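# Observations on the model geometry
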Amino acid sequence: RLRHGLASGPSSDMAAAAASAATGAPKREGKAVPEAVQRVMDAAALATDDAPAAIAALQSILGGGNKSPDGVRAKELAMQELSLIQANEGNAPAIAALLRENREFFAGIPKAKTAKLVRMLIDRVGQIAGAEELQAELLDESIAWTKAERRNFLRIRLQTRLAALMLGRGSFHDALALAQALLREIKKLDDKPLLVEIHVLESRIHHELHNIPKARAALTSARAAANAIYVSPETQADIDIQAGTLASEDEDYKTAFSYFYEAFEGHGSLKQRAMATRCLKYMILVQIMTGSVEEARGLISGKQGVEYAGVSVDAMRAVVEAYADRSLAAFQAALADFKEEIVDDAFISRHLQRLYQRMLEANLARLVEPFSCVELSHVASLIGLPEPVVEAKLSQMILDGRLLGTLDQGRGQLVLYEDADVDEAYDGALGVLDKLGSVMDGLFAKARHVR
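Residues numbered from 1 in each chain as written. Predicted model: local features only at pLDDT ≥ 70, side-chain atom pairs only at ≥ 80, totals over all residues. Heavy atoms only, no water.

### Considerations on the sheet that holds strand β1 (residues 373-375)
Overall, antiparallel pairing links the three strands, which are arranged β1-β3-β2 in an open sheet. Looking at which strands have only one partner, the edges of the open sheet turn out to be β1 and β2 (405-408). Going across the sheet, the axis of each strand differs from the next one's by a mean of 20 degrees, ignoring polarity. The pairing of β1 with strand β3 (residues 413-416) spans three bridges and is classified as antiparallel. Following the sheet pairing, V374 is matched in β3 by L414. Against the sheet, helix α22 (residues 376-383) contacts β1, β2 and β3, and its axis sits at roughly 70 degrees relative to β1. (Pairing = 2+ DSSP bridges. Helix = DSSP H or I, 4+ residues; strand = E, 2+ residues; numbered from the N terminus. Axes fitted to C-alpha atoms, helices over the stretch in contact; angles between N-to-C directions. Contact = heavy atoms within 4.5 Å.)

The following block contains the structure:
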């Protein structure tokens, strides 16, 4: 959860300086904390006990006409603290209003600070559940504003954020078109850090469109650009997550585990609990997919699972136990009980569907093994699934050669055949005939020369 107070607020130089003053740390250049900044600190301190009073005090600071350097600094700090309080309260419209009402203020401060504040406010809205529509609206408005003010760097950053939001909302083709347009522009500017970020985003979009070769090519481009520069731990963790995702699509789960572990370590070092928990879920998933139940249990009960214990880890525990028991009913119950943690995550949902199909095939093969002829209704009652589902799966197994038999749909029966013993004499006879053919060809060739 977000926390109030300057010490846990945005990691900017202003906030760090104010926090240093508030905790009694040495003052910069021996100067006292300016009165305007002290007012922001006092207002922010009220947030824990009286949030409305803190909001009112911070709004009065923002509405003041103090244009001195200390006054501007205080307004920037007040904007950060006010948006933090409103994000904690889930008040996305108030943060949107804060962004819209301060366009004039942004025009009067350095572009770097403007970019930082605008992106911070939009990210605050994104932290609130159900505010995706408002966040997209703010991004569109801010992009139009940056075009009017000719702030290209901020515009590109906002368009990148918009493309990521489109990806999250399922508008894959729109997101891809925007990302590719940004790539053409960024290559001209030679901004490699941003180029890495957009290539990773492009790879994620192609993956969602099930275009794995292009997803892999985009990730390779991201790595090539990243090798030439210093990459932040967060960006490197994003690259590792995408690499693990693509390795999982090739069913190379051991390699995927190593990538997810690196990403887990990266996000854990940055104290990004949500992303670290997501990586831990992926680590458990790939262990399940390889059939390593004990290793998956070890992750859940070990140091990582205890540190990031919660609903997400409980969801993966339910899946592990269902797989260990080979229980389709328990597996389906886990999907129903933890829909948000499992089904709503496209990566986990896709691989768990594969796992479910594997479990279903194994259970059906085990159930029908004693029979030479069995009614489909009986098999359906044994496995606890509707008869049409069982019939469709058995038909698929027969066509794929994983089950030797046939379906008698008129009688509603499955007829199974015994595995035919392969007589090695047939292979030997074919080998002899092949050799004889080679000998005869050689004799005919020699006969031509004699003539």
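Having seen the model, we can carry on.
### What about the packing of aromatic side chains?
Overall, the coordinates contain seven aromatic pairs when judged by the stated rule. Ring centres of F331 and Y356 lie 5.7 Å apart, and the angle between their planes is 35 degrees; this geometry places the pair in the tilted category. You can see F331 sitting in helix α19 (residues 328-337) and its partner Y356 sitting in helix α21 (residues 346-368), a full 25 residues away along the chain. According to the relative accessible area criterion, Y356 is buried, its value standing at 9%. Three or more aromatic residues link up through ring pairs in this structure, and these residues are F105, F106 and W145. (Phe/Tyr/Trp six-rings, centres within 6.5 Å; stacked < 30°, edge-to-face > 60°. Buried < 20%, exposed > 50% of the residue type's maximum accessible area, 1.4 Å probe, protein only.)

### A look at the nonpolar core
Side chains that are nonpolar tend, in soluble globular proteins, to be buried together. With 72 residues, the main nonpolar core has L58, M79, F106 and L121 as its most contacted residues. Other than its neighbours up to four places away in sequence, L121 contacts M79, S83, I95, L98, L99 and F106. Counting 58 residues, the second largest nonpolar core, distinct from the first, contains I241, A247, L280 and V293. (Core = buried A, V, L, I, M, F, W, Y, C linked by side-chain atoms within 4.5 Å.)

### Things to note about the packing of helix α13 (residues 233-249) against helix α14 (residues 253-269)
Look at α13 against α14: their axes get within 8 Å of each other, and the N-to-C directions meet at 160 degrees. By the angle class used here, α13 and α14 are roughly antiparallel. Considering only the axes of α13 and α14, their crossing is left-handed. Taken together, the residues of α14 that come into contact with α13 (itself represented by E234, A237, D238, D240, I241, A243, G244, T245, A247 and S248) are Y253, T255, A256, Y259, F260, E262, A263 and H267. (Parallel < 35°, antiparallel > 145°, perpendicular 65-115°, else oblique. Left-handed = near helix turned anticlockwise from the far one by under 90°.)

### Topic: the side chain of H206
Its location among the elements puts H206 in helix α11 (residues 192-208). Note on H206: relative accessible area 5%, which makes it buried. Apart from residues lying up to four places away in sequence, H206 is in contact with L176, Q180, N211, K214 and A215.

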